[in-house]
Amino acid sequence: MDGGDDYMNSIITDDRLTELSNDEIARYSRHLLLPDIGVEGQKRLKAAKVLLVGTGGLGAPLALYLAAAGVGTLGIVDFDVVEASNLQRQIIHSTRDIDRPKVASARDKIKGLNPNVNVVVYDTTLTSANALDIIRDYDIVADGTDNYQTRYLVNDACVLLGKPNVYGSVFQFEGQASVFYAGAGPCYRCLYPAPPPPGLVPSCSEGGVMGVLPGIVGTIQAAEVIKLIVGGADSLIGRLLLFDAWGMKFRELKLEHDSNCPICGDNPTIHELIDYEQFCGLKKTHEEKKFDTITALELKARLDAGEPIQLIDTREPHERAIVKFPNAVAIPIGQAARRIDELDPNIDAVFICKIGQRSVFAMRALDEAGYTGRMLNLQDGVNAWARDVDKSLPTY
Amino acid sequence: MAVTLLVPTALRTFTDGKKELEIAATTVGEAVTALADTYPDIKKHLYEDSGELRSFINIFVGETNIKSTGGLGTAVRDGDTVMLVPAIAGGALTVNN
Ligand SMILES: [Zn+2]
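Residues numbered from 1 in each chain as written. Chains lettered and ligands numbered in written order. Predicted model: local features only at pLDDT ≥ 70, side-chain atom pairs only at ≥ 80, totals over all residues. Heavy atoms only, no water.

Draft legend 1. Structural context of the overall build of chain B. For chain B, the count of helices and strands is 2 helices and 5 strands. Listed by position from the N terminus, the elements making up chain B come as β-β-α-α-β-β-β. Since a compact globule built from 97 residues should have a radius of gyration of about 13 Å, the 14 Å found for chain B is in line with a globular shape. The principal-axis extents of the C-alpha atoms in chain B amount to approximately 50 × 30 × 25 Å. Residues counted as buried form 55% of the 97 residues belonging to chain B. In chain B, of all internal contacts separated by at least 6 residues, the share reaching a separation of at least 24 is 50%. For chain B, the accessible surface area stands at approximately 4,200 Å², while carbon and sulfur atoms represent 50% of it. (Helix = DSSP H or I, 4+ residues; strand = E, 2+ residues; numbered from the N terminus. Rg over C-alpha atoms; globule rule 2.2 N^0.38 Å. Buried < 20%, exposed > 50% of the residue type's maximum accessible area, 1.4 Å probe, protein only. Contact = heavy atoms within 4.5 Å. Areas by Shrake-Rupley, 256 points an atom, 1.4 Å probe, with all protein chains shown as cover.)

Dropping the structure here:
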């Protein structure tokens, strides 16, 4: 780092630079005209190797803008296939790509935009077993993942390998961006030592996300990647940028390195990659109460037989507007405990949400509030009802 | 002495959708306690069973994390903005069974 200011020197060393061809000079002329990028900055971009973890909402603008900018090598990691519900925001994929692997669709789009880019495809999940080997070859990692276990995995692998981790995440209308770079500033664990318990923060597949939001946050990440490569810019290291798309407001918070950080602190306790599913509480622990489930077909049979059953729809009002569950009482998760008296403990209660995950939180809240009746979770939620019982209903 | 407490989207399910609360408080701890007293359902999402703040939530007064200013005991002044900043993953918290 330069003294005084937070300006970073380029992370690409001079010995890796090669000449630009006349075609490249024509293509990148708008960069070459910027004194802060210029021929030298463009050569650094050409030499750079950037790994994109995830080709979803954040990965789409990252991949497109970094390809357009002339980053020499782009690695893309994703195990997923393109679905119709991705297309509202994942603009690197098209309607005709539905059911194709995301990495294949992304590679085609990158090559079409800029054939100079060397695209390396990893059609796999990033895991503790492969992360170090994959990341080792790259200069920078851009994290566009959609789950906590991969975020901690990417962070830890980057800290262990000394790589900068260009971070972005989104939820509904809110986004966060930063650059985590142990040695130069804090890492993700300095800010968040541990993830929330699973399900507490609804996922984008349950909580929704405004389509342009990852476009904006992913583009901010792309800018940070380019700045680290070119050098001389004031990076987001040590700063957390918060963006509220609905209020159209940016805020900036100061991030500090935590000397007690378990991986980049003074006395680190993490020296290798760990089991991130376990760390994120995704493996069942015996102390956690497990609730019984009921399938949509079983529920239909019991209702048809005239059995008294309390149907509790734990979804939010705007979700019930998408598809209504017949004859259900609406008790959103946040109200479950205080509305315990509306339930009759002598009658079985079936809890309903979109896909059968959040409903468990309402059941747990009631259990903790002392509810004594039998509670059943509708497996796979309203979507299962639409799939198996009433096919006229939409899934979402 | 009133501060503005900003509630992030992820926790608004528990505050009847409210994103901003004016709270009379002299410390961050008082402000957060007042929030939890008004909306009891939020309590277990903010605190561990031990009473400590959960580690996926950071609290900032202005642009400074209270971790570096004395935690929940950090003093607040009239007009301060107290912001809860939880970790967001940006996607599926799919439980991989
Ligand atoms: Zn750290």
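From this point on, the discussion continues.
Draft legend 2. Broad picture of unusual backbone geometry. A positive phi angle is found at M248(A), which is not glycine, with a value near 45°. Relative to the helices and strands, M248(A) resides in the loop between strand 7 (239–244) and strand 8 (249–254). Phi at D16(B) is positive, roughly 50°, even though this residue is not glycine. Summarising the element assignment, D16(B) is placed in the loop between strand 1 (2–6) and strand 2 (20–24).

Draft legend 3. Representation of the pairing of strand 5 (residues 165–171) of chain A. Residue and element names in this part refer to chain A. A large share of strand 5 lies buried, amounting to 7 of its 7 residues. What you see with strand 5 is no split at all: N165, Y167, S169 and F171 on one side and V166, G168 and V170 on the other are buried throughout. Across 3 bridges, the pairing between strand 4 (residues 140–143) and strand 5 is parallel. Residue pairing across strands places V141 opposite N165, the latter belonging to strand 5. Here strand 5 folds back onto strand 6 (residues 174–180) in antiparallel fashion, the turn holding 2 residues, of which Q172 has a positive phi close to 55°. (Pairing = 2+ DSSP bridges.)

Draft legend 4. Layout of helix 5 (residues 102–113) of chain A. Residue and element names in this part refer to chain A. Here helix 5 spans 16 Å end to end across 12 residues, near enough to the 16 Å set by a 1.5 Å rise per residue. Every buried residue of helix 5 is listed here: K102, V103, A104, S105, A106 and I110. Contacts from the buried residues of helix 5 go to helix 4 (59–69), strand 2 (73–77) and strand 3 (118–122). (Expected span 1.5 Å × (residues − 1).)

Draft legend 5. Geometry of the coordination of the zinc ion. Summarising the metal site, the zinc ion is bound by the protein donors C187(A) (SG), C190(A) (SG), C261(A) (SG) and C264(A) (SG), whose distances to it range over 2.3 Å. Because the angles between the 4 donor atoms bound to the zinc ion fall within 92 to 120°, the donor set is best described as tetrahedral. (Donors = N, O, S within 2.8 Å, 3.2 Å for Na, K, Ca; no water. Tetrahedral: all angles 85-135°; square planar, octahedral: opposite > 155°, others 65-115°.)

Draft legend 6. Spatial organisation of the nonpolar core. Core analysis: the largest hydrophobic core is formed by 60 residues, its most contacted members being L51(A), L126(A), L35(B) and L46(B). Sorting elements by how many residues they give to this core places helix 7 (residues 148–161) of chain A first, with 6 residues. By size, the runner-up hydrophobic cluster in this structure holds 48 residues, among which are L45(A), L58(A), I76(A) and I110(A). (Core = buried A, V, L, I, M, F, W, Y, C linked by side-chain atoms within 4.5 Å.)

Draft legend 7. Main features of the packing of helix 12 (residues 296–304) of chain A against helix 15 (residues 381–388) of chain A. Residues and elements named next belong to chain A. Look at helix 12 against helix 15: their axes get within 9 Å of each other, and the N-to-C directions meet at 75°. As judged from the angle between their axes, helix 12 and helix 15 are roughly perpendicular. Where helix 12 abuts helix 15, its residues A296, L297, L299, K300 and L303 lie against A384, W385 and D388. Each residue belonging to the contact of helix 12 with helix 15 can be placed in one class, and the counts come to 6 nonpolar, no polar and 2 charged. (Axes fitted to C-alpha atoms, helices over the stretch in contact; angles between N-to-C directions. Parallel < 35°, antiparallel > 145°, perpendicular 65-115°, else oblique. Nonpolar A, V, L, I, M, F, W, Y, C, P; charged D, E, K, R; others polar.)

So far we have only geometry, and geometry alone does not tell us how the molecule works.
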